[in-house]
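Chain and residue survey
Here are the chains, one letter per residue:
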There are 2 protein chains.
Amino acid sequence: MFLSKTCAYAVRSLLLVGQHRLEEENGKIGLRTISERLEIPTHFLGKILQTLTKHGLLSSAKGVSGGFYMTDEQLRNPLMTVVKLIDGSDVFEKCGIGLATCSEQRPCPVHYAFKPLREKMLKTFESETIESMVKSLNSGDTFLVV
Amino acid sequence: MFLSKTCAYAVRSLLLVGQHRLEEENGKIGLRTISERLEIPTHFLGKILQTLTKHGLLSSAKGVSGGFYMTDEQLRNPLMTVVKLIDGSDVFEKCGIGLATCSEQRPCPVHYAFKPLREKMLKTFESETIESMVKSLNSGDTFLVV
DNA sequence: CCAATAAAAGACAAGAAGGTCTTTTATTCA
DNA sequence: TGAATAAAAGACCTTCTTGTCTTTTATTGG
């Protein structure tokens with residue numbers, strides 16, 4: 001995968017919460033439910049969702065009838081935002097074979113081959129949003145759970 | 001990076017050995033020299049080169065005037081062979097968000113967005129060979145060391 | 001207003017990746 | 001032929017990612 005396990009968990013969770021929102025207005029969904037539906041270790045997922053919430057990609061409410069939910073604005077976040085938050089920007093910026101000196105002026109042997117790949121990746125990650133993916137889920141074109 | 005640190009070390013080493021071969025016919029290069037020129041921890045690199053040698057991507061000779069070298073055939077290996085050996089094929093095959101059930105018939109929400117990315121990656125990794133990259137090094141178009 | 005609920009937070013443990021050090025094996029050439 | 005050389009091999013350590021468990025804090029509805 002391009003993404004770490006943690007990041008994949010984050011994306012899947014945002015998709016599930018996003019999907020839940022479009023189903024029932026203002027409906028919140030709890031940590032346990034998410035972890036069970038997505039088969040992700042509960043407590044580990046807790047931390048990930050904490051991170052997402054702390055950085056504004058997800059909303060949460062404590063206490064009775066609390067849980068996680070997303071605003072319209074949050075639904076419009078591109079995949080990029082999640083990846084940069086969880087995995088960082090190394091995959092988009094760092095030299096493909098780890099050379100500190102690699103640059104446009106002094107490219108490494110994989111530089112030019114990797115460049116279009118990176119650009120395509122960047123474009124994809126910026127154009128795909130939680131919302132666009134949730135729509136493909138709701139239209140039955142794609143699937144998140146069994 | 002798409003590649004693990006270990007894999008990047010492997011690629012850089014193959015490039016250096018390949019370059020060395022084109023410079024002086026049948027010239028071998030020692031582990032210590034490689035690790036110093038590429039600034040890679042010596043003993044760690046030793047294991048990586050062992051793996052490459054054991055799987056036929058690199059040749060070695062023990063004893064006095066021994067070292068690592070590459071045959072013409074080895075020079076023609078594509079990047080793909082190295083990546084598959086060291087990192088495995090997950091990046092080319094596994095679902096982008098880690099769904100075991102994801103397939104062409106039952107795609108996940110990132111499936112179609114990632115597909116062209118993967119295909120481009122595959123093509124790139126298969127067409128770039130050690131030899132083609134060594135040539136770009138020798139022509140001064142790209143750089144491996146400071 | 002308090003008991004139940006659910007997220008936040010923190011400590012800790014397992015596993016994988018990356019890195020170090022020492023010993024063994026094979027080779028050469030003086 | 002044996003001393004020097006260099007890769008192979010193995011034991012071990014460190015760091016990072018992933019995963020588990022417990023305690024704390026905030027909220028709400030009866």
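Definitions and cut-offs
- Sequence order sets the numbering: in each chain, residues are counted from 1 along the sequence as written.
- For naming, the first written chain is A and the first written ligand is 1, with later ones following in the order written.
- In keeping with the predicted nature of the model, local features appear solely for residues at pLDDT of at least 70, side-chain atom pairs appear and are counted solely at 80 or more, and the whole-chain, interface and lining totals rest on all residues.
- The side-chain values count all of the structure's non-hydrogen atoms but skip hydrogen atoms and water molecules.
- Think of it in three bands: residues with accessible area under 20% of the maximum for their type are buried, residues over 50% are exposed, and the middle band is partly exposed, with areas taken using a 1.4 Å probe on protein chains only.
- Secondary structure follows DSSP: runs of H or I at least 4 residues long count as helices, runs of E at least 2 residues long count as strands, and numbering of each begins at the N terminus.
- The directions considered for the arc run from the helix axis to the C-beta atoms.
- Should any heavy atoms of two residues lie within 4.5 Å, those residues are considered in contact.
- Criterion for a disulfide: a pair of cysteine sulfur atoms within 2.5 Å.
- Proximity is defined per residue: if any heavy atom of the residue lies within 4 Å of a molecule or strand, that residue is considered near it.
- Polar contact is the term for a pair of N or O atoms within 3.5 Å; when the atoms are in protein, one must be able to donate a hydrogen and the other to accept it, and sequence-neighboring residues count only if both atoms are side-chain atoms.
- Charged residues are taken to be Asp, Glu, Lys and Arg, nonpolar residues to be Ala, Val, Leu, Ile, Met, Phe, Trp, Tyr, Cys and Pro, and polar residues to be all remaining types, Gly included.
- Superposing copies: least-squares fit, C-alpha atoms only, residues required to have pLDDT of at least 70 in both.
- Note on definitions: buried area is the accessible-area loss of two parts on being combined, 1.4 Å probe, summed for both.
- Any Lys or Arg side-chain nitrogen found within 4 Å of a carboxyl oxygen on Asp or Glu counts as a salt bridge.

**Focus on helix H8 (residues 130-138) of chain B**
Residue and element names in this part refer to chain B. Ile130, Met133, Val134, Ser136 and Leu137 are the residues of H8 that are buried. For H8, the angular spread of the buried residues around the axis is 160 degrees, confining them to a single face. In this fold, the buried residues of H8 make contact with helix H1 (5-23), helix H4 (72-75) and helix H5 (79-87). A positive backbone phi angle near 80 degrees is found at Gly140, which sits one or two residues after H8.

**Considering the state of the cysteines**
Overall, the coordinates contain 0 disulfides over all chains when judged by the stated rule. Of all cysteine sulfurs, the one in B:Cys95 lies closest to B:Cys102, which takes part in no disulfide; the gap is 3.8 Å.

**What to know about the protein's contact with DNA strand C**
Near DNA strand C you find 25 residues, and of these A:Lys47, A:Ser60, B:Thr6, B:Pro41 and B:His43 are the closest. The sugar and phosphate moieties of DNA strand C supply 58% of its atoms located within 4 Å of the protein. Take A:Gln50: an N or O atom from its side chain is 3.2 Å from a base nitrogen of DNA strand C. For the surface near DNA strand C, the secondary-structure elements that each account for two or more residues are helix H3 (42-54), strand E1 (59-61) and strand E2 (67-69) of chain A together with H1 and helix H3 (42-54) of chain B. Classifying every residue of the surface near DNA strand C gives 9 nonpolar, 11 polar and 5 charged.

**Some thoughts on the relation of the copies chain B and chain A**
Mapping chain B onto chain A is achieved by rotating through 180 degrees and translating by 0.0 Å along the same axis, at an RMSD of 0.0 Å. Taken together, these values place the two copies in the relation of a two-fold axis. Proximity to the rotation axis, assessed at the C-alpha, singles out B:Phe2 in chain B; its C-alpha lies 3.2 Å from the axis. By residue overlap, the copies meet face to face through one surface: 100% of the interface positions of chain B are interface positions in chain A.

**With respect to the interface of chain B and chain A**
Often, the extent of an interface is quoted as the loss of accessible area on bringing the components together. Across the boundary between the two partners, chain B contributes 42 residues, which contact 42 residues of chain A. Summed over both sides, the interface between chain B and chain A buries roughly 3600 Å², with carbon and sulfur atoms accounting for 74% of that surface. Summed over the shared surface of chain B and chain A, the result is 0 salt bridges. Mapped onto the side of chain B that touches chain A, the elements with two or more residues apiece are H1, helix H6 (90-93), helix H7 (111-127) and H8 of chain B.

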